[in-house]
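Notes for the structure review
Read off the chains here:
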Amino acid sequence: MTDYIGRFAPSPTGPLHFGSLLAALASYLDARHCHGQWLVRIEDLDPPREDPTAASEILRILDAYGLHWDGDIVYQSQRGELYQAALDKLRDQGDAFPCACSRKQLGGELHLGVCPAPADHDFAWRFLCPGGVTTLHDGLQPDHRYDLADEIGDFVIRRRDGFWSYQLAVVVDDAAQEITHVVRGIDLIDSTVRQYLLQQALSLSVPQYSHIPVAVEQNGQKLSKQNLALPLSDQRISETLWQALNWLRQSPPQTLLGAPADELLNWAVSHWNPAPLKGEQSMPAPGPFQRT
């Protein structure tokens, strides 16, 4: 298989952690095992939350761990014209509308239906969610059936502060980069239905999705930047990679513990088998990567 294009798309809100490594490693191995390309995209859409040093540090750590990407790095902050064109198309089709509703006004309820035209320019743009039921298929998780009106509703595609939403940007970029396969954490699985709806409305191809389980702390919280997960170090890289492969249920041989990163990755590419992760939603992170 040579037409595989995968990607890893971190947001530069902080350093990579063990959970980030798992997502990067799984997507990298899936692409390389299929003799495909593996791209890296920096999803820098939210400047108020971003660390100005994070993007370069993320790339440095990926490189240190032997996760070398193909082609140029794409930065979402430089792609506003593409997102605007997509919004214009949705608006012209009647699939997007301006909305001045606040979270307080919605009171925790889903937004359903076009709003009256806002009186000023202080509004977001929402995607008009169609009705009905959609069933999504995943490479690792069971099929999931969504009642769109009860579970999704009209969602924001451009924020009222002018920043682009993740959902719209990722759909536009996946199509522009011709992504065929997306391997990522199950914490993003509910974004898939929103991305699917946008792909349908914009007449874009739909990648094949596979959602791996997330690594969690002892208290059940997933490893995340928000939960102050321990950052990845550029020390003991081989041991960390071995532990990540073991966590992904690849059963790396004990003889490779301490081997150079490239040797470990060559073995892992050749032996990659995601099947043992099927149906798994979360698993404890190894002790050294937990805060408690």
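Presented here is an overview of the structure given in this document. (Residues numbered from 1 in each chain as written. Predicted model: local features only at pLDDT ≥ 70, side-chain atom pairs only at ≥ 80, totals over all residues. Heavy atoms only, no water.)

1. Thoughts on the overall build of the protein chain
We apply this condition: What counts as a helix is a DSSP run of H or I of at least four residues, what counts as a strand is a run of E of at least two, and both are numbered from the N terminus. Atoms counted for the radius of gyration: C-alpha only. Globule rule: 2.2 Å times the number of residues to the power 0.38. Per-residue accessibility, obtained with a 1.4 Å probe over protein chains only, is compared with the maximum for each type, and a residue is labelled buried under 20%, exposed over 50%, and partly exposed between these values. Contacts are assigned to residue pairs that have any heavy atoms within 4.5 Å of one another. The accessible surface values rely on the Shrake-Rupley method and a 1.4 Å probe; as for residues, cover is taken only from the protein chains in view. In this count, Lys and Arg are taken as positive residues and Asp and Glu as negative ones, while His and the chain termini are left out. A charged residue contributes its charge at one atom only: NZ of Lys, CZ of Arg, CG of Asp or CD of Glu.
From N to C terminus, the protein chain includes 9 helices and 12 strands. For a compact globule of 292 residues, the expected C-alpha radius of gyration is about 19 Å, and the protein chain comes in at 20 Å, within 12% of that figure. For the protein chain, the spread of C-alpha atoms along the principal axes amounts to about 65 × 40 × 35 Å. Evaluated residue by residue, the protein chain yields a buried proportion of 50% over its 292 residues. Expressed as a percentage of contacts within the protein chain between residues at least 6 apart in sequence, the contacts between residues at least 24 apart total 76%. Summed over all atoms, the accessible surface of the protein chain reaches about 13,800 Å², with 50% contributed by carbon and sulfur. Seen as two clouds, the 23 positive and the 36 negative side-chain charges of the protein chain have centres 4 Å apart.

2. A closer look at the packing of helix α3 (residues 80–93) against helix α6 (residues 166–176)
Condition: Axis definition: a line fitted to C-alpha atoms, over the contacting stretch in the case of helices. Angles run 0 to 180 degrees between N-to-C directions. Note on terminology: angles under 35 degrees are roughly parallel, angles over 145 are roughly antiparallel, angles of 65 to 115 are roughly perpendicular, and the others are oblique. Amino acids outside the nonpolar list (Ala, Val, Leu, Ile, Met, Phe, Trp, Tyr, Cys, Pro) and the charged list (Asp, Glu, Lys, Arg) are all regarded as polar, and Gly is one of them.
As a packed pair, α3 and α6 sit with axes 10 Å apart at the nearest point and diverge in direction by 105°. If you check the angle between α3 and α6, you find them roughly perpendicular. Of α6, the residues touching α3 (which contributes Leu-82, Tyr-83, Ala-86 and Leu-90) are Leu-168, Ala-169, Val-172 and Asp-173. Across the contact of α3 with α6, the residue classes tally to 7 nonpolar, no polar and 1 charged.

3. A look at the sheet that holds strand β4 (residues 96–99)
Stated formally: Two strands pair if DSSP finds at least two bridges between them.
One open sheet accounts for 3 strands, arranged β4-β5-β8; its pairing is antiparallel. Each having just a single partner strand, β4 and β8 (155–158) make up the two edges of the open sheet. Across the sheet, the mean angle from the axis of one strand to that of its neighbour is 45°, orientation sign disregarded. Here helix α7 (residues 189–201) sits on the sheet and contacts β5 (124–127) and β8; the angle it forms with β8, its principal contact strand, is near 60°.

4. Describing the packing of aromatic side chains
Inclusion rule: A pair of Phe, Tyr and Trp rings is counted when the ring centres sit within 6.5 Å of each other, with Trp represented by its six-membered ring. The angle between the planes then sorts it: under 30 degrees is stacked, over 60 is edge-to-face, the rest tilted.
This structure, assessed with the given rule, holds 6 aromatic pairs. Between the aromatic rings of Tyr-28 and Trp-38, the centroid separation amounts to 5.2 Å while the plane-to-plane angle is 90°, which identifies the pairing as edge-to-face. Of the two residues, Tyr-28 is situated in helix α1 (residues 18–33) and Trp-38 in strand β2 (residues 37–42); the sequence distance between them amounts to 10 residues. Here the two residues Tyr-28 and Trp-38 agree in accessibility, since each one is buried.

5. Side note on unusual backbone geometry
Located in the positive-phi region is Glu-178, a residue other than glycine, with phi close to 60°. Among the structural elements, Glu-178 can be located in the loop between α6 and β9 (181–185). For Glu-178, a relative accessible area of 57% puts it in the exposed group. A positive phi angle, near 50°, is found at Ser-251, a position not held by glycine. Tracing the backbone through its elements, the reader meets Ser-251 in the loop between α8 (237–247) and α9 (261–271).

6. Brief notes about the side chain of Thr-192
Assignment of secondary structure puts Thr-192 in helix α7. Apart from the residues lying within four places of it in its own chain, the contact partners of Thr-192 are Leu-136, Arg-184, Tyr-209 and His-211.

7. Some thoughts on the sheet that holds strand β3 (residues 74–75)
On the basis of which strands lie adjacent, the open sheet formed by 3 strands has the order β1-β2-β3 and parallel pairing. Looking at which strands have only one partner, the edges of the open sheet turn out to be β1 (5–8) and β3. In terms of strand pairing, β1 meets β2 through 4 bridges, oriented parallel. Paired with Ile-5 across the two strands is Gln-37, which belongs to β2.

8. Some points on helix α2 (residues 54–64)
For an α-helix, 3.6 residues make a turn, and residues three or four places apart therefore share a direction. Applicable threshold: Directions are taken from the helix axis to each C-beta atom, and the arc is the one they span.
All of the buried residues in α2 are Ala-54, Ala-55, Ile-58, Leu-59, Ile-61 and Leu-62. With its buried residues spanning 165° around the axis, α2 presents them on a single face. Buried residues along α2 sit against β1, α1, β2 and β3. Of the residues flanking the end of α2, it is Gly-66, one or two places downstream, whose phi is positive at about 80°.

9. Examining the environment of Gln-195
Its location among the elements puts Gln-195 in helix α7. Taking the C-alpha atoms as reference, Gln-195 lies 13 Å from Gly-153; in sequence the two are 42 residues apart. With residues near it in sequence (within four places) discarded, Gln-195 still touches Tyr-166, Gln-167, Val-170, Val-171, Arg-184 and Tyr-209.

10. A few points about the nonpolar core
Note the threshold: By nonpolar core is meant a set of buried Ala, Val, Leu, Ile, Met, Phe, Trp, Tyr and Cys residues that side-chain atoms within 4.5 Å join together.
Membership of the largest hydrophobic core comes to 52 residues, with the highest contact counts inside it found for Leu-25, Leu-67, Leu-241 and Leu-248. Elements with a minimum of two residues in this core: α1, β2, α2, α8 and α9. In terms of residues, this core owes the most to one element, α1, which gives 10 residues. Excluding residues that lie within four positions of it along the chain, Leu-25 makes contacts with Leu-67, Leu-241, Ala-244, Leu-245, Leu-248 and Leu-265. Counting residues in hydrophobic clusters, the runner-up holds 27 residues, among them Leu-90, Phe-127, Val-193 and Leu-202.

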